[in-house]
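Architecture and fold: a report
Below, each chain spelled out in residue letters.
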Amino acid sequence: RCRWLTAVGRHEEALAGFDDVLLREPFPPSWYWEALAIALLAARRYRDAIDAIGRMSRVYDYIHAYLAACHAQLGQMEKARTEAAELLRLRPSFTIGSMMQVEPFKNSIDAEPEIEGMRKAGLPE
């Protein structure tokens with residue numbers, strides 16, 4: 001439900017829902033932290049999104065796109081470029097466009113923080 005709330009632009013409701021889940025399940029699976037990070041990124045809470053990703057037990061290659069975007073949005077360009085370089089090392093064919101094809105945002109405005117951050121980090125369109 002929280003992931004759906006994020007997708008339809010109801011970020012604050014999604015974040016409150018994630019908090020409720022954590023109260024019931026203090027040791028959630030890794031995917032919980034990824035879904036939370038996406039909601040935090042969409043809500044422009046970049047530091048919190050980075051922290052959520054840091055709690056993941058497994059980091060997939062595309063997670064580096066989220067980290068690159070967050071660091072870029074925080075003005076931490078060296079870290080942003082490092083994450084972008086790691087992503088491109090792991091997935092040379094990565095593009096912002098391909099990432100946006102799998103992001104389920106109903107309104108394109110909700111994807112803007114992510115897209116803008118990836119652009120700032122130097123990821124290819």
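Reading the values: rules and limits
Position numbers for residues count from 1 along each chain, tracking the sequence in the order it is written. Given that this is a predicted model, residues contribute local features only at a pLDDT of at least 70 and side-chain atom pairs are listed and counted only at 80 or more, while totals for whole chains, interfaces and linings are drawn from all residues. Side-chain metrics in this entry use all non-hydrogen atoms of the structure; hydrogen atoms and water are not considered. Pairing of aromatic rings covers Phe, Tyr and Trp, the last counted by its six-membered ring, and requires centre-to-centre distances within 6.5 Å; plane angles under 30 degrees mean stacked, over 60 mean edge-to-face, and any other angle means tilted. Each residue is assigned to one of three classes by its accessible area relative to the maximum for its type, calculated with a 1.4 Å probe on protein chains only: buried under 20%, partly exposed between the two thresholds, exposed over 50%. Helix and strand labels come from DSSP, where a helix needs a run of H or I of at least four residues and a strand needs a run of E of at least two; each type is numbered from the N terminus. We count Lys and Arg on the positive side and Asp and Glu on the negative side, and we leave His and both chain ends out. Only one rule defines a salt bridge in this text: a Lys or Arg side-chain nitrogen within 4 Å of an Asp or Glu carboxyl oxygen. Only heavy atoms enter the contact rule, under which two residues are in contact if any of them lie within 4.5 Å. In this description, the term disulfide denotes a pair of cysteine sulfurs within 2.5 Å. Expected helix span is computed as 1.5 Å times (number of residues minus one).

1. Considerations on the packing of aromatic side chains
Counting across every chain of the model gives four aromatic pairs. Each ring, one from tyrosine 32 and one from tryptophan 33, has its centre 4.8 Å from the other, and the planes form 90 degrees; the classification is edge-to-face. Just as tyrosine 32 is buried, tryptophan 33 falls in that class too. Consider the rings of tyrosine 60 and tyrosine 62, whose centres lie 5.8 Å apart with planes at 5 degrees: the pair is stacked. Given a relative accessible area of 21%, tyrosine 62 falls into the partly exposed group. Taken together, the ring pairs connect Phe18, Tyr32 and Trp33 into an aromatic cluster.

2. Digging into the side chain of glutamate 34
Secondary-structure assignment places glutamate 34 in helix H3 (residues 30-42). Nearest to the buried, unbridged glutamate 34 among oppositely charged side chains is arginine 3, at 6.7 Å. Glutamate 34 has contacts with Met56, Tyr60, Tyr62, Ile63 and Tyr66, leaving out every residue within four places of it along the chain.

3. Here we look at the state of the cysteines
A full pass over the atoms with the stated rule returns zero disulfides. Of all cysteine sulfurs, the one in cysteine 70 lies closest to cysteine 2, which takes part in no disulfide; the gap is 18 Å. When its relative accessible area of 1% is taken as the criterion, cysteine 70 is described as buried.

4. Section: H3
In a regular helix each residue adds 1.5 Å, so 13 residues correspond to 18 Å; H3 covers 19 Å between its end C-alpha atoms and thus fits that length. In terms of burial, H3 is largely enclosed, as 12 of its 13 residues are buried. Turning to H3, its buried residues number three or more, namely Ser30, Tyr32, Trp33, Glu34, Ala35, Leu36, Ala37, Ile38, Ala39, Leu40, Leu41 and Ala42. In the core, the buried residues of H3 are packed alongside helix H1 (2-7), helix H2 (11-24), helix H4 (46-54), helix H5 (63-73) and helix H8 (112-120). Trailing H3 by a residue or two, arginine 44 shows a phi angle of about 65 degrees, which is positive.

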